[in-house]
Structure formats: C-alpha cells, structure tokens
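The chain contents come next:
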Amino acid sequence: MPELAYLNGEFMAIEEAMVPVEDRGLQFGDSLYEVVRLYGGEPFRLGPHLDRMRRGAEVIGMDLAAAGDLDEIMQELALRSNLDTAFLYLQVTRGVCPRNHLIPEDLDPTVIATARKLEAIPEEKYSRGSVAFTRPDLRWARRDVKATTLLPNIMSRSEAIKRGGYDAVHYEEDGTITEGSVSNFFCVIDGVIRTHPANERILSGISRATVLECAEDLDIPYRESPFSIDELMEDATEAFFSDTYSEVMPVTHVDGEGIGDGAPGPIAQRLRAAFRDVVRRETGSA
Ligand code: PDD
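The next point concerns the pairing of strand S7 (residues 130-136). Where S7 meets strand S14 (residues 247-254), three bridges bridge the pair, whose relative direction is parallel. Considered in S14, the bridge of alanine 132 is made with valine 254. Pairing geometry for S7 and strand S8 (residues 167-171), over five bridges, is parallel. Opposite arginine 135, over in S8, you have histidine 170 as the bridge partner.

As structure tokens, this is what we get:
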C-alpha cells in the first residue's frame, strides 16, 4: 500500500512533493508539526494532536484556519494510503515569501502531510528495556509549542542512539529533568509516578496524557511535579519514556547506571499493557 504525501490540496507520491526555497518553514523553521500514529489504518487521538497544533498556532500567531480542514486532510490521507502500522506527519508552515524576519501578514500557509510505514518496535525491546543518556535541554523556552526547530533535539537524540540508547533525557541548568528529545519522561519514586508538569518547559505529549489516564484507571498514584537528575539516580525505582512511536518504553539504565534493579519496572509494564488496551478500544487494533 502506498506511502503518500499531501501538499496544499493535492495528494501525490512523496518524492513528488516539493516546496519552494523561500518557504518560511525551510528558511526559519517558522512552522508547526504533529506526528500521529495509525493502528490498523486508524489515527490514534487525531483530535488532541490537532488541538495541540491549534494551541501552538495561537502562541506563534499563525492563522491555522487558513490551512483548511486538517482533520479531513489527515483522515483522507490515512484512507488513501491504506497503511496499517504507520504514522502521519503533518507540518504547516507560515507560507512562502521573500526572506524577511518580520512575520508577514496574510500569507497562505503551506500544508504538508505524509503517510509512512512504521517499523513497530520489537516486543523483545520492551521486555529488555532501554537505556538513556542525559543531555542539557537546549531547545527554546516554549517547548509546549511543537515547532519544527529541532536542531538541539536531533543532536541529542543522534548521540543517544549512537551510544545504544532509545532517547536522551533532557535537563535544565538546575538539574531538573524536562523530557526526552522525542518523548516525555517519567520515573517512580516511593511508588508514585512522577513527571514534569505540562507547562511551557515540555511538550504536553498525547501519549503522556494517555499514560496518566491509564495510571488513574489502574489506581497508581502520580504527581506532575519536577524532579532532578539526582532524585532520578538516587531515589527512583523505575523510569520510562512515552511517545507516539513507543507508547511506553521502560528505561533500565541512565548514563550507564541502573535505575532500581536495572530491569523494566512493573509499573511501566502495567502502563504499557493499559495503553495498548486504550488503543485497541479506540482504534479497534493495536
Ligand atoms: N515527538 N516531547 C518531545 C520533545 C517530542 O518531540 C515528542 C513527540 C513528545 C511526545 O509527544 P507525543 O506523545 O504526542 O508523541 C514529547 C514526535 C513523535 C516526533 O518529533 O517525531
């Protein structure tokens, strides 16, 4: 089944989708994006993804209404590509004009979307767990806005992957852990799940919200309050990432040191099972 692109009103092969060199997304990273997972061809929580993009558009003053009916575009892309395990990438840039730092008014946004197959992470990877490496969080101070300016994230993630990790764990100057480069990060201290509050310092992940819903359903206590690298290394009995690709990925080691007993923790495993139940319930597949 075809991997497909959508560009400004038309569906085409991905190689055929081209944007002009003066697109502001290309020149300034003046654009927003979303990554939505397809399960059995059904988008998971498309509505919340688009709501998040709308909130980001308000922050950066982008007229997202001019981008058309994004829900319809994404549904149509899912339908036409007819992919099973896949993801939809959506990017809306402010549009095309001669390079100018001044944000122009009345530009037509560029709307790009692609549907790509997703290599599902092997089950064995979840049961073994993953490792992570800490890196300073160098992205901008409005990480709640899912902007395509991702240079710090691609650098820290590449380094983490080269060292055999699943992702980097980002921290601020005072040692507070924020999130991963493509994920949110959690630990468990004294039986309580901890994760950074969903404020301007992190991206409020759709998977993160799903994980917290699952914790609520399973009666596992959680606190959205910041924690430090020291607390993670000294007090945490388990840790895990959440994101659209992995759902819930247990972390056994950070910077080479074991978290808890250095094996995937029971809470992470229960949350992953519950997450998959939610996916099954909402998409009919998982
Ligand atoms: N990234 N934090 C950051 C910095 C992210 O880039 C992402 C997702 C998340 C998790 O969000 P969600 O649960 O909605 O996937 C948290 C996507 C997948 C990406 O950039 O490819």
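Resuming the write-up.
Time to look at the domain arrangement of the chain. For the chain, the domain assignment lists domain 1 (4-117) and domain 2 (123-283). The C-alpha-based centres of domain 1 and domain 2 are spaced at 26 Å. Domain 1 puts 23 residues into the contact, and the matching count from domain 2 is 22 residues. The contact between domain 1 and domain 2 buries some 2,000 Å² in all, and 60% of this surface belongs to carbon and sulfur atoms. Among the residues of domain 1 in contact with domain 2, Tyr33, Arg45 and Arg52 are the three that bury the most area, contributing 35% of the side total. Counting across the domain 1 and domain 2 interface gives three salt bridges. Summed over the shared surface of domain 1 and domain 2, the number is eight residue pairs in polar contact (both at pLDDT 80 or more). Classifying every residue of the side of domain 1 that touches domain 2 by side-chain character gives 13 nonpolar, five polar and five charged.

Take the packing of helix H6 (residues 206-217) against helix H8 (residues 266-283) next. For the pair H6 and H8, the least separation of the axes is 9 Å and the interaxial angle reads 105°. Overall, the two elements H6 and H8 adopt an arrangement that is roughly perpendicular. Touching Ser207, Thr210, Val211, Cys214 and Ala215 of H6 are Leu271, Ala274, Phe275 and Val278, all from H8.

It is worth spelling out the sheet that holds strand S3 (residues 31-39) at this point. Strand order in the open sheet made by the six strands is S2-S1-S6-S5-S3-S4, with antiparallel pairing throughout. Where the open sheet ends on each side, the last strands, each with one partner, are strand S2 (10-13) and strand S4 (42-43). Here strand S1 (residues 4-7) pairs with S2 via four bridges, running antiparallel. Looking across to S2, one finds that alanine 5 is bridged to methionine 12. Of the strands in this sheet, S3, S4 and strand S5 (86-93) are in contact with helix H2 (residues 46-60), which crosses S3 at around 175°. Its contacts with the sheet put helix H3 (residues 70-81) on S1, S2, S3, S4, S5 and strand S6 (110-117), and the angle it makes with S6 is roughly 30°.

This next bit is on the site of the ligand. Close contacts around the ligand come from 20 residues, with Tyr33, Glu179, Ser207, Thr244 and Tyr245 the closest. Within the contact set of the ligand, an oxygen atom lies 3.0 Å away from a side-chain nitrogen or oxygen of arginine 52. Residue serine 183 places a main-chain N or O atom 3.4 Å away from a nitrogen atom belonging to the ligand. Notes on the ligand: free accessible area 470 Å², of which the protein chains cover 96%. Those elements giving two or more residues to the shell around the ligand turn out to be S3, H2, strand S9 (177-180) and H6.

On to a nonpolar patch on the surface. Where nonpolar side chains cluster on the molecular surface, the patch consists of Leu151, Ile154 and Met155 and spans about 330 Å² of accessible area. Considering the arrangement of structural elements, one finds isoleucine 154 in helix H5 (residues 151-162).

The phi angle at aspartate 219 is positive, at roughly 60°, despite the residue not being glycine. Mapped onto the secondary structure, aspartate 219 falls in the loop between H6 and strand S12 (222-224). Its identity as a non-glycine residue notwithstanding, glutamate 247 has a phi of 65°, on the positive side. The buried category is assigned to glutamate 247, whose relative accessible area is 1%.

Right, let's talk about the nonpolar core for a bit. Counting residues in hydrophobic clusters, the biggest one holds 28 residues, and the most contacted among them are Leu64, Leu70, Leu88, Leu90, Val92 and Val111. If you list the elements that add at least two residues to this core, you get S1, S3, H2, H3, S5 and S6. Every residue in contact with leucine 90, bar those within four places of it in the chain, is listed here: Leu32, Tyr33, Glu34, Leu50, Met53, Leu70, Met74, Val111, Ile112 and Ala113.

Analysis parameters
- Residues numbered from 1 in each chain as written.
- Predicted model: local features only at pLDDT ≥ 70, side-chain atom pairs only at ≥ 80, totals over all residues.
- Heavy atoms only, no water.
- Pairing = 2+ DSSP bridges.
- Helix = DSSP H or I, 4+ residues; strand = E, 2+ residues; numbered from the N terminus.
- Domains from an automatic or database assignment.
- Contact = heavy atoms within 4.5 Å.
- Buried area = accessible area lost by both parts, 1.4 Å probe.
- Salt bridge = Lys/Arg side-chain N within 4 Å of Asp/Glu carboxyl O.
- Polar contact = N/O pair within 3.5 Å; in protein donor to acceptor, adjacent residues only side chain to side chain.
- Nonpolar A, V, L, I, M, F, W, Y, C, P; charged D, E, K, R; others polar.
- Axes fitted to C-alpha atoms, helices over the stretch in contact; angles between N-to-C directions.
- Parallel < 35°, antiparallel > 145°, perpendicular 65-115°, else oblique.
- Near = heavy atom within 4 Å.
- Areas by Shrake-Rupley, 256 points an atom, 1.4 Å probe, with all protein chains shown as cover.
- Patch = residues over 30% accessible without salt bridge, like charges linked within 9 Å, V, L, I, M, F, W, Y side chains within 5 Å.
- Buried < 20%, exposed > 50% of the residue type's maximum accessible area, 1.4 Å probe, protein only.
- Core = buried A, V, L, I, M, F, W, Y, C linked by side-chain atoms within 4.5 Å.

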